[in-house]
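Geometric and topological summary
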Amino acid sequence: MKIELPKWYDLHVHLRQGDAMEDFIKAQIAMGCAGVLAMPNTDPPIAKVSDDDWSIEAYTDVIKAAGGNAFSEIIVPLYLTSDTTPEMIKDGAAGGVLKACKYYPPHGTTGAQSAAPLETYVESGVFAAMEEAGVVLCVHGEEHGLSGEKYFGHESNAEEAFYNDYMPWLIDKFPKLKIVCEHITTKVAADFVKQASTNIAASITPQHLLYTVGDMVKGFKYHLYCLPLVKFDRDRQALRDAATSENNTKFFAGTDSAPHTTKATDCGCAAGCFTGGIAPQLYAQGFEEAGLDLTDSAAQEAFKRFLCINGAAFYGLNVPKETFTMVKEEQAIVPLETANGPVTPLPLGMGQSTIPWSIKA
Ligand code: DOR
Ligand code: ZN
């Protein structure tokens, strides 16, 4: 079985900085990626638009020099900090460089230590300026600073708290603000996005379509440790329903592929799953596990909407004319050798040395 698809945009990926970028970018291109939304949680973060050694403009050039000139689109969101001003938003949008901004929960995940609480940008006028200029808000939707039992439980968790308590308040204040609820993991978040207006959409990662927290805890598979955490079966089911629905216009691919050469540390674990090179294959596996028969043309259309169409439409990007082909043939999974050492792809970290789908060169 074969599926030919337009090349797609990975609308949430971590390309990092330094010598290994070339390897990560090669892996993106190998999986039919025509463009990326590259996360700004570098060190230091990308917190300026231009005119600086380290800004959206500078980082875009760095990505291009590392092989990203093959991409037809590179969006780098501005990392929101307490130093972000409405003028930066207005000028950045007017100059065409600023398309999106990223909200991180302070200290809530890898590289989130420069972020400020959501209220900061309400008070500073930053969100108002974004709404006015049509700049997309990319949200890592988790409440920060919670106690352990509130952070992760069956009744509630940091993501549910965010979508129940903060998002309704935010969209009430800024009803026209374009928001991507990134890497959603819960039924609460999926339901929130479904009932919200058309300026609210969401990305879903391969790991959240495929796994639940039990898969991580059983054998402590730390390569599946990412933030937000994988959740329960009811949540995975809600994500599968949202992604595969024939009416889906709001849910799209954003891998959150996050390479870490060292996952387990002395007293913890770095958050992030690496799916570079294999994300469409894993998404296809997720669609099949959701019960879709990808030999069926309606199922293929649903897959195409999720991978290639909905995200491009939300960000106002053209769907590429160039295509790539997926085949239902087993592919061996090996570590990605990089300038910084090997990175373990998620399936290998889950003890699987093959996956059911491949990409035809
Ligand atoms: O799992 C994650 N890894 N979640 C994030 O929000 C950041 C990312 C990373 O940069 O490694
Ligand atoms: Zn991310």
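All of these numbers come straight from a predicted model, not from anything done at the bench.

**Remarks on the sheet that holds strand S8 (residues 179-181)**
By way of backbone hydrogen bonds, the strands of a sheet pair with one another, either parallel or antiparallel. Spatially, 6 strands are ordered S5-S6-S7-S8-S9-S10 in an open sheet, and the strand pairing comes out parallel. For this open sheet the edge positions go to strand S5 (78-79) and strand S10 (251-253), each flanked by a neighbour on one side alone. Both S8 and strand S9 (residues 200-204) contribute to a ladder of 3 bridges, which runs parallel. Its bridge partner lying in S9, Val180 is registered against Ala201.

**Considering the site of ligand 1**
Residues in close proximity to ligand 1 total 13 residues, the closest being Arg16, Asn41, Thr109, Leu227 and His260. One of the backbone nitrogen or oxygen atoms of Gly272 is found 3.2 Å away from an oxygen atom of ligand 1. Protein coverage of the free-state accessible area of ligand 1, which is 290 Å², stands at 100%. Within the shell around ligand 1, the residues separate by chemical class into 4 nonpolar, 7 polar and 2 charged.

**Regarding the pattern of salt bridges**
Scanning all chains against the criterion turns up 9 salt bridges. The salt bridge involving Glu182 is made with Lys102; its shortest N-O contact spans 2.5 Å. In this pair, Glu182 is assigned in the loop between S8 and helix H8 (187-195) and Lys102 in strand S6 (residues 100-103), connecting sequence segments 80 residues apart. For Lys102, a relative accessible area of 0% gives the class buried. The partner of Asp191 in a salt bridge is Lys187, and the shortest N-O contact between them spans 2.7 Å. Taken together, the positions of Asp191 and Lys187, both in helix H8 and 4 residues apart, correspond to about one turn of that helix. According to the relative accessible area criterion, Asp191 is partly exposed, its value standing at 32%. Overall, the relative accessible area of 38% leaves Lys187 in the partly exposed class. Residues joined by salt bridges that share partners form a network here, namely Glu160, Arg234 and Asp235.

**Describing the coordination of the zinc ion (ligand 2)**
Protein coordination at the zinc ion (ligand 2) comes from His12 (NE2), His14 (NE2) and Asp256 (OD), with a distance range of 2.0 to 2.1 Å. When the donor residues of the zinc ion (ligand 2) are listed from N- to C-terminus, their spacing reads H-x1-H-x241-D. With His14 in the loop between strand S2 (8-13) and helix H1 (21-30) and Asp256 in the loop between S10 and strand S11 (264-265), the pair connects residues that are 242 residues apart, well separated along the chain.

**Re the pairing of S2**
For S2, the tally of buried residues reaches 6 of 6 residues, placing the bulk of the element in the interior. Pairing of S2 with strand S3 (residues 33-38) involves 4 bridges; the strand directions are parallel. Bridge pairing links Tyr9 to Gly35 in S3. Tracing the backbone out of S2, into H1 and back to the parallel element S3 gives a crossover that is right-handed.

**Some remarks on the pairing of S3**
Of all 6 residues that make up S3, 6 are buried, and the element is covered over most of its length. Across 3 bridges, S3 lies against strand S4 (residues 73-75) in parallel orientation. When the sheet's bridge partners are listed, Leu37 is paired in S4 with Ile75. Crossover handedness for the path S3 to helix H2 (residues 56-65) to S4: right-handed.

**Some points on the sheet that holds strand S16 (residues 358-360)**
Strand order in this open sheet of 3 strands is S1-S13-S16, and the pairing throughout is antiparallel. Lying at the two open borders of the sheet, with one neighbouring strand each, are strand S1 (2-6) and S16. Averaged over all pairs of adjacent strands, the angle between their axes in this sheet comes to 35°, without regard to strand direction. Looking at chain direction, S1 and strand S13 (residues 323-327) are connected through 5 bridges and run antiparallel. Paired with Lys2 across the two strands is Val327, which belongs to S13. Taken strand by strand, helix H13 (residues 297-315) contacts S1 and S13, and its axis lies near 35° from that of S1.

**Topic: the packing of aromatic side chains**
Scanning the entire structure with this criterion turns up 17 aromatic pairs. A centroid spacing of 5.5 Å and a plane angle of 65° characterise the contact between Trp54 and Tyr59, whose relative ring orientation is edge-to-face. For Tyr59, a relative accessible area of 0% corresponds to the buried category. Seen from their ring centres, Tyr79 and Tyr104 are 5.3 Å apart, and the 40° between their planes marks the pair as tilted. In this pair, Tyr79 is assigned in strand S5 and Tyr104 in the loop between S6 and helix H4 (118-123), connecting sequence segments 25 residues apart. Considered together, Tyr79 and Tyr104 belong to a single accessibility category, that of buried residues. Three or more aromatic residues link up through ring pairs in this structure, and these residues are Tyr103, Tyr121, Phe127, Phe162, Tyr163, Tyr166, Phe174 and Phe192.

**Overview of the packing of helix H7 (residues 158-173) against H8**
At a minimum axis distance of 8 Å, the contact between H7 and H8 shows a crossing angle of 20°. Judged by the angle between their axes, H7 and H8 are roughly parallel. Contact with H7, carried on its side by Glu159, Glu160, Tyr163, Asn164, Met167, Pro168 and Ile171, involves Val188, Ala189 and Phe192 of H8 and no other residues of that element. Its residues assigned to classes, the contact of H7 with H8 shows 7 nonpolar, 1 polar and 2 charged.

About the criteria used
- Throughout, residues of each chain are indexed from 1 in the direction in which the sequence is written.
- The naming scheme follows written order: chains are lettered A onward, ligands numbered 1 onward.
- Whole-chain, interface and lining totals are the exception, using all residues; otherwise, since this is a predicted model, local features are given only for residues with pLDDT of at least 70 and side-chain atom pairs are given and counted only at 80 or more.
- Only hydrogens and water are removed before side-chain values are computed, so all heavy atoms of the structure are retained for them.
- Pairing between two strands is assigned when DSSP locates at least 2 bridges connecting them.
- Under the scheme used here, helices are H or I runs from DSSP no shorter than 4 residues and strands are E runs no shorter than 2 residues, and both carry numbers assigned from the N terminus.
- We call a residue near a given molecule or strand whenever any one of its heavy atoms falls within 4 Å of it.
- Definition of a polar contact: a pair of N or O atoms within 3.5 Å, with one able to donate and the other able to accept a hydrogen when the atoms are protein atoms, and with sequence-neighbouring residues admitted only if both atoms are side-chain atoms.
- A 1.4 Å probe and the Shrake-Rupley method give the accessible areas. Residues count as covered only by the protein chains that appear here.
- Residues are grouped as follows: Ala, Val, Leu, Ile, Met, Phe, Trp, Tyr, Cys and Pro are nonpolar; Asp, Glu, Lys and Arg are charged; every other residue, Gly included, is polar.
- Any carboxyl oxygen of Asp or Glu within 4 Å of a side-chain nitrogen of Lys or Arg constitutes a salt bridge here.
- Each residue is assigned to one of three classes by its accessible area relative to the maximum for its type, calculated with a 1.4 Å probe on protein chains only: buried under 20%, partly exposed between the two thresholds, exposed over 50%.
- For Na, K and Ca the donor cutoff is 3.2 Å, while for all other metals N, O and S atoms count as donors only within 2.8 Å; water does not appear among the atoms, so some sites may look incomplete.
- Classification remark: right-handed applies to a crossover when, strands pointing away from the viewer, the course from the first strand over the helix to the second runs clockwise.
- Whenever a helix is involved, its axis is fitted only over the stretch in contact; in every case the axis is a line through C-alpha atoms, and angles between N-to-C directions fall within 0 to 180 degrees.
- Any pair of residues with heavy atoms lying within 4.5 Å of one another is described as a contacting pair.
- A pair of aromatic rings is counted whenever rings of Phe, Tyr or Trp (Trp by its six-membered ring) have centres within 6.5 Å, and the orientation is called stacked for planes under 30 degrees apart, edge-to-face for over 60 and tilted otherwise.
- The labels follow the angle: roughly parallel below 35 degrees, roughly antiparallel above 145, roughly perpendicular from 65 to 115, and oblique for the rest.

These figures come from the coordinates and say nothing about function on their own.
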